[in-house]
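# Topology and contacts: notes
Residues per chain, in single letters:
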Amino acid sequence: MAVSGSVIGNYVGASVKRVEDPRFLTGQGRYVDDLKFPNMAHAAFLRSPYPHARITVDASEARALPGVIAVFTAADLVGVVNPIQIDASLPGSKPLPHTALASDKVRFVGDPIAMVVADNRYIAEDAIDLIQVDYDPLPPVPGMDVALDPASEPLYEKAGGNISYHDAFTCGDLDAAFAAADRVLTETFRQHRYINVPMETRGGVATYDTFTGELTYYAATQAHNAMRFFLGAQLNLPGHQIRVIAPDIGGAFGLKFGIYREDMVVAAAAMQTGRPVKWIEDRRENLTAGGHAREDTLTLEAAVKNDGTILGLKVKMILDAGAYQVTPLNPALFTTIVRTVLPGPYRFLNYAFDATVVTTNKAPYVAYRGPWAVETWVREGLADIIARELGLDPVEVRRKNIITQEEQPYKNALGLTMERISARETLERAVELADIPRFREEQKRLRAQGRVVGFGLATFIEPAPGGAEYMAAMGGGKEPAIVKIDPTGHVTAYTTQVPHGQSHETTLAQIVASELGAPFEHVKVVHGDTQMGPFSLFGTGGSRAATMASGAALFATREVKKQVLQIAGAMLEASPDDLQIVNSIVSVRGVPQKAIPLAQIALLVYLAPAHLPPGSPTELIGTYAYDGGEGGWSQATHCCWVEIDPSSGKVDITRYLAVEDCGTMINPAVVEGQVRGGIAQGIGGVLYEHAIYDENGQFLTSTFMDYLVPTAMEIPPIEIDHLETPAISPVNFRGVGEGGAICAPPAIINAISDALGVKITEQPLPPTRILELMGAIPADS
Amino acid sequence: MASKKQIIELTVNGVQRDGMAEPRRTLADFLRDDLGLTGTHLGCEHGVCGACTVLVNSEAVRSCLMFAVQANGQEVTTIEGLASGSKLHPVQEAFWECHGMQCGFCTPGFVMSVYAFLQENPDPREEEIRPALSGNLCRCTGYQNIVNAVRLAAEKMRETSAVPVPASAIE
């Protein structure tokens, strides 16, 4: 039973076919680029080809081109779009104010300098070519090493250098831990730039009513309320004068959390020209300037006993934030999440974390599916390195350090209470399914034949959404839902989630239908319009939906059900406690002839309230804002088997297994889809994907021929095994959207390391790098 | 730069359509913006992702790499032409039953590619399916359910004989 004291269960737990799919399958999905409005104009951006330069802009020739409606430069937006200033209240962070379009200087290849609005996109791009820009190059800051040098050219003069954030944290007794250690291991892990690459790029259509002063922005966003809130602030529009609508969204993976500089300019252009303005980012822009993720370097110093026990851990993290902060997230926040989550299910009570964020001439650092993912890689990489150095079994090192059920509730280094953490159980189950001893024999046999095979695993927990303390620490807020029964007895559920692949139209309907006792087909989930439904700044992300949005929908349904049963009880002369709703018919338990259809009750409520007993509700509506309760953590252990072609360096994943625990699955097909999709992104990130800048800050991977997104040929079948540990709180659904992408990299890298017999502390691992690690070709340092 | 528009007449999903387009206008833009068939999606506009796949004279093509003028006089099938009313094509049914999509953006391109593939190869071997899908990018699913959908679609199409028996089989 998913929820105590509830009749839920009819649809919950079933792989109900998604209600979203028929429209996607027939081309009837409506993504922003599919929207058309009378007199709509099209926008294109001029972007800097230089990483760092002072600029002067002359757009006069472009403005004169027939078909061009307007050209916007930074000068045209003074007083129209406010300067951008991300919250710098986090202690240790510096403000980095900038403008929506680059004004006096450009700071990365792809920096938007001007936007043309024209009758069609072709003319807009023609006009882009006519804008004259003089670039006076400045010394580039192409990476964190240069940025850390106080002599580097500052991107923001007033920030006094390129370090935008520094903070140090320590807990426990590190001196004692290191004094008691048999060994101290120090390793530096370098993670490269990944790109989110949703198949639909960023984009939006802004329309403006010049008489009422109301702006409507149809946006490819995963947080429509945040878009309204922050976009309104940038354009000086009060809340009621700006409406944001998120239509179907073609993937996001964190990219579409941002309120981008482009969004601000597009919206401003609609207000200035009075015409609807559409901007759809092309793929080159998306790869170059849409935002990059994960470029983190972490140095770990571990105090270790000879039996593999980790007594203490000191971590130094440097995050390359690129050139701009994307509204509303200060990238320093990512380091605080890494700090909080890094101990994971391990007993790291003596723990120090030092974080530095630097500014460089690269695309902005954005959230990407498990933005803190580096913590799992470095911890699980370290566990394998400890095993290698001490001659121990990697599984034993984990058993020595991962908390058990008996120890829980367990207060961890960050003061978080860990309870019902089943990471250890996922590990043991994975070890059982993997049959490692058998593989070791096979490996010996194959190695004798010259074949290069390896096995690796990784274990983690993820805040999905995390316990109450975690959510409080992260400023979690509540997730609201509204459930309404209309005069025909059908149900509409309003959520603040913005589904873009997560299947909420289906999963939330499963929950509402089951809890109410209505047929699944009678429930519709409405989302993505700031004028409808409740408010939450978050939207979809941070693995909040499974627990928080589902819980909100569940409790809101209970509210409305209570109203129905109150009326039905009076009409059937029975106590509401004795009533049930099955298939939208309310009846007295055990007396099936005493029944009344939900539709009849609804009709009376809305159309003939005088016929209802006094004190009856005047509408059927339940609202609930759920804080997630104790929330909970999802956990998993991933196992990866690889074979490496020693002649080409190609890594073949011969088997992949994920043992996960997200509590009760609302829809197993959806859960497995999320897990597999995340793992595919982990595989892509480690083996194929790499956003590359050269030493001068020039961007080299602006097409899909350079930035390699894996195809069906590269992603193997993925086996999934489920554990379902009950939660403490009544809502036992936890998120799984991010875990696949978080846990896959260490499993893959540990497998490659095992195959090659070398320590690996870097990503990515393309064939050339594999050949270098094998010593087959000289290292290109 | 802009140049003179030309008349384009073609058959789309069995219906005669016409319009005017500059020679530089892509078939994808023509289908989407001029004919209002927005089911054909643009994911990269450089011929890698396959989201814009349509059939031209029964061959799968990337409509972002073809100019509208090149389709003049040709027969084009888009995702909108596959279902009959509310009755989904077996390929569409199979994708639905196998949970072969998440965000749905790449889906029309996959469905068209799979449709064309199964026309040519109604009974694909396991090892033929993944290469056949490798011209389409999906960022959500990890492909496994799409592979399953191809297998199921082939089964369904063989059962319903939705595929004309290939000439080679008759001989």
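A quick note: this is a predicted structure, and the numbers were derived from the prediction, not measured.

All names here are of chain A. Sheet topology places strand β27 (residues 651-661) next to strand β28 (residues 719-723); five bridges connect them, and they run parallel. Bridged to L657 within β28 is E719. As a crossover connection, the stretch from β27 through helix α18 (residues 668-687) into β28 is right-handed.

Residues and elements named next belong to chain A. Assigned domains of chain A: these are domain 1 (21-29 + 477-626) and domain 2 (424-457 + 635-781). On a C-alpha basis, the centres of domain 1 and domain 2 stand 41 Å from each other. Contacts between the two partners involve 14 residues from domain 1, matched on the other side by ten residues from domain 2. For the side of domain 1 that touches domain 2, the elements supplying multiple residues, two or more each, are α15 (504-516) and α16 (545-572). The dominant element in the side of domain 1 that touches domain 2, judged by the number of residues it contributes, is α16, at six residues. Residue classes in the side of domain 1 that touches domain 2 are distributed as four nonpolar, nine polar and one charged.

Another point: the nonpolar core. All names here are of chain A. V116, V265, A493, V512 and A553 are the most contacted members of the largest nonpolar core, which has 307 residues in total. The leading source of residues in this core is α16, at 14 residues. Not counting chain neighbours up to four residues away, the residues in contact with A553 comprise A481, V483, A493, T495, L508, I511 and V512.

This paragraph deals with the interface of chain A and chain B. With 44 residues of chain A at the contact, the number on the chain B side is 45 residues. Sorting the residues of the side of chain A that touches chain B by element identifies α1 (21-25), α3 (121-128) and α18 of chain A as the ones contributing at least two each. In terms of residue count, the dominant contributor to the side of chain A that touches chain B is α18(A) (six residues). When grouped by side-chain class, the residues that make up the side of chain A that touches chain B number 21 nonpolar, twelve polar and eleven charged.

Residue and element names in this part refer to chain A. Along its 17 residues, helix α10 (residues 374-390) runs 24 Å from first to last C-alpha, staying within 8% of the 24 Å computed at 1.5 Å per residue. With 13 of 17 residues buried, α10 lies mostly within the body of the structure. Looking at the residues trailing α10, positive phi occurs at G391, about 70°.

Cut-offs applied
- Residues numbered from 1 in each chain as written.
- Chains lettered and ligands numbered in written order.
- Predicted model: local features only at pLDDT ≥ 70, side-chain atom pairs only at ≥ 80, totals over all residues.
- Pairing = 2+ DSSP bridges.
- Helix = DSSP H or I, 4+ residues; strand = E, 2+ residues; numbered from the N terminus.
- Right-handed = clockwise from strand over helix to strand, strands pointing away.
- Domains from an automatic or database assignment.
- Contact = placed C-beta atoms within 7 Å.
- Nonpolar A, V, L, I, M, F, W, Y, C, P; charged D, E, K, R; others polar.
- Core = buried A, V, L, I, M, F, W, Y, C linked by C-beta atoms within 7 Å.
- Buried ≥ 20, exposed ≤ 12 C-beta atoms within 10 Å, placed from the backbone.
- Expected span 1.5 Å × (residues − 1).

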